[in-house]
Amino acid sequence: ECKTAISSANKKRAKREREDARREARKVSREDGALRGRVEDAEHEARRWLGQHFLVDASVVTDAVEAARLGAGERVLEIGPGTGNLTNEMLKRGARVLAVEKDRNLAEKLREGLCVEYKDAFELVEGDFLKWDGLATAFERATPETPRAKVVANIPYNITTDVLKVLLPMGDTFEDMIFMFQEEVAQRLVRDDAGGGDYRAMSVRVHYYSKPYYIRPVLRDCFMPPPNVESCLIGFKPKEPHELLPLNGTDKQFFTFVQACFAQKRKMLRNNLKAVCDEATMDGAFALLDRGLKVRPQELTMEEYVKLFNFVRDRET
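Remember, it's a predicted structure, so these values are computed and weren't measured experimentally.

### Examining the environment of asparagine 105
- When you line up the elements, asparagine 105 lands in helix 4 (residues 104-112).
- Given the relative accessible area of 27%, asparagine 105 is considered partly exposed.
- C-alpha separation for the pair asparagine 105 and histidine 44, spaced 61 residues apart in sequence, amounts to 7.7 Å.
- Excluding its chain neighbours within four sequence positions, the residues that come into contact with asparagine 105 are His44 and Arg47.

Printed below as a string of structure tokens:
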């Protein structure tokens, strides 16, 4: 009798779990349907030259917003809001969103919809983010105690590098950045593995300015239309100015130096350094780093590049 009772209880529990799973599947289906409906209602043909792939998976939208840990009243920058699926979720959670949209048709749809529905919390800038000169002013902190803003965006993959070059140095303005990236690019930037074949000048830049972290993969069918590459959510925690390693020069000079070091990645670093310093300086630099003369550009860590740059600059002045 005891075994029969246990078996009956197990069957009932299994039935409840199946019902719960079906309810959850229906819920997810309804949420995904709402996102697809917003895209369809926009009556907009995606422009691939602008890298438009609209996010229509509710779980991905939720994960992106939750990764940013958005609280009510927090300021958020969104680049390329598109039809507004991600924007809407952030606004529903009480965030104050400023979005920059390049596509005139989509900007008009947003003005007619979310700008009206959330008139006090949503600001839309129509234009090219990379040419917009209002970023620093829009997110200026009133006092040092004012919380830093955040960035949450499904950006076109063809401008990811340019966007990072603009935003990563703004650690005094932004405290967290969540992006949709091409999987291959994200994996390359997150890894801090000097010596790997994918390690390059942009890797040094990313780790100098921030602490990158991987969030989750995103399948192609999570978008309308689906992209031709695999995607993922990736985060960057920008370092505040006092957290950055000191440089004997400007940031621009440092990254120009790093780029020169990677000019011919497959060759020895010494060959690339000939363009920026003399033999005696190189000998001193390699001795300081305790590196052999045959070291290649991808073998140095970000910290070693800072040491190398500072040493070369000291010898020049």
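### Topic: the pairing of strand 9 (residues 231-238)
- Of all the eight residues making up strand 9, seven are buried; the element is thus mostly covered by neighbouring parts of the structure.
- As paired strands, strand 6 (residues 174-182) and strand 9 are joined by six bridges and run antiparallel to one another. When the sheet's bridge partners are listed, methionine 180 is paired in strand 9 with leucine 233.

### Quick look at the sheet that holds strand 2 (residues 75-79)
- With mixed pairing, the seven strands of this open sheet are ordered in space as 4-3-2-5-6-9-7. Each edge of the sheet is formed by a strand with only one pairing partner; in this case those strands are strand 4 (122-126) and strand 7 (210-218). Averaged over all pairs of adjacent strands, the angle between strand axes in this sheet comes to 20°, irrespective of strand direction.
- Summarising the sheet, strand 3 (residues 96-101) and strand 4 pair through five bridges and their orientation is parallel. Within the sheet, the bridge partner assigned to valine 100 lies in strand 4 and is valine 125.
- Across the sheet, helix 2 (residues 58-67) is in contact with strand 5 (149-153), strand 6, strand 7 and strand 9; its angle to strand 7 comes to roughly 165°.
- In the packing of helix 8 (residues 183-190) onto the sheet, contacts are made with strand 6, strand 7 and strand 9, and the angle to strand 6 comes to roughly 135°.

### Things to note about the pattern of salt bridges
- For the coordinates displayed, the defined rule picks out 16 salt bridges.
- Across the pair glutamate 89 and lysine 92 runs a salt bridge, and its minimum N-O distance is 3.5 Å. Pair noted here: glutamate 89 and lysine 92 are both in helix 3 (residues 85-92), with a separation of three residues, about one helical turn.
- Judged by its relative accessible area of 15%, glutamate 89 is buried.
- Residue class for lysine 92 comes out exposed when judged on its relative accessible area of 53%.
- Aspartate 176 is paired through a salt bridge with lysine 237; the nearest N and O atoms lie 3.1 Å apart. Of this pair, aspartate 176 sits in strand 6 while lysine 237 sits in strand 9; the two residues are 61 residues apart in sequence, bridging distant segments of the chain.
- Put simply, Glu66, Glu89, Lys92 and Arg93 are held in one network by salt bridges that share partners.

### Comments concerning the packing of aromatic side chains
- Evaluation of the coordinates by the stated rule reveals 13 aromatic pairs.
- A ring pair is formed by phenylalanine 139 and phenylalanine 174, whose centres lie 5.3 Å apart and whose planes are at 55°; its orientation type is tilted. Of this pair, phenylalanine 139 sits in the loop between helix 6 (135-138) and strand 5 while phenylalanine 174 sits in strand 6, and the two are 35 residues apart along the sequence.
- Taking relative accessible area as the criterion, phenylalanine 139 reaches 2% and is therefore assigned buried.
- For the ring pair phenylalanine 179 and phenylalanine 181, a centre distance of 5.9 Å and an interplane angle of 35° mean the geometry is tilted.
- What makes phenylalanine 181 buried here is its relative accessible area of 1%.
- By way of ring pairs, the aromatic residues Tyr208, Tyr209, Phe254, Phe255, Phe257 and Phe309 are connected into one cluster.

### Let's talk about helix 12 (residues 279-289)
- If you check which residues of helix 12 are buried, you get Thr281, Met282, Ala285, Phe286 and Leu289. In a view along the axis of helix 12, the buried residues occupy a sector of 130°, so they form one face of it.
- Where helix 12 is buried, its residues meet helix 11 (269-273) and helix 13 (302-316).
- Of the residues that open helix 12, the one with a side-chain oxygen 3.4 Å from the backbone nitrogen of alanine 280 is aspartate 278.
- The positive-phi residue at the C-terminal boundary of helix 12 is aspartate 290, with phi of around 60°.

Reading the values: rules and limits
Within each chain, residue numbers correspond to sequence positions counted from 1 in written order. Totals for whole chains, interfaces and linings use every residue, but because this is a predicted model, local features are given only for residues with pLDDT of at least 70 and side-chain atom pairs only at 80 or more, for both listing and counting. Only hydrogens and water are set aside; all other atoms, that is, all heavy atoms of the structure, feed into the side-chain values. By definition, any uninterrupted DSSP run of H or I lasting at least four residues is a helix, any uninterrupted run of E lasting at least two residues is a strand, and each is numbered from the N terminus. A simple rule labels every residue: compare its accessible area, found with a 1.4 Å probe on the protein chains alone, to the largest value its type can have, and call it buried under 20%, exposed over 50%, or partly exposed in between. A contact between two residues is defined here by any heavy atoms of the two lying within 4.5 Å. Between any two strands, pairing holds if DSSP finds at least two bridges. Structural elements are reduced to axes, namely lines fitted to C-alpha atoms, with helices fitted over the stretch in contact, and the angle between N-to-C directions of any two is expressed from 0 to 180 degrees. Each reported salt bridge corresponds to a side-chain nitrogen of Lys or Arg within 4 Å of a carboxyl oxygen of Asp or Glu. Planes of paired rings set the category: under 30 degrees apart is stacked, over 60 is edge-to-face and the rest tilted, where pairs are Phe, Tyr or Trp rings (Trp by its six-membered ring) whose centres lie within 6.5 Å. Of all possible arcs, the one meant is that of the directions from the helix axis to the C-beta atoms. Here a polar contact is recorded for every N or O atom pair within 3.5 Å, except that within protein the pair must consist of a potential hydrogen donor and a potential acceptor, and residues adjacent in sequence are included only if both atoms are side-chain atoms.

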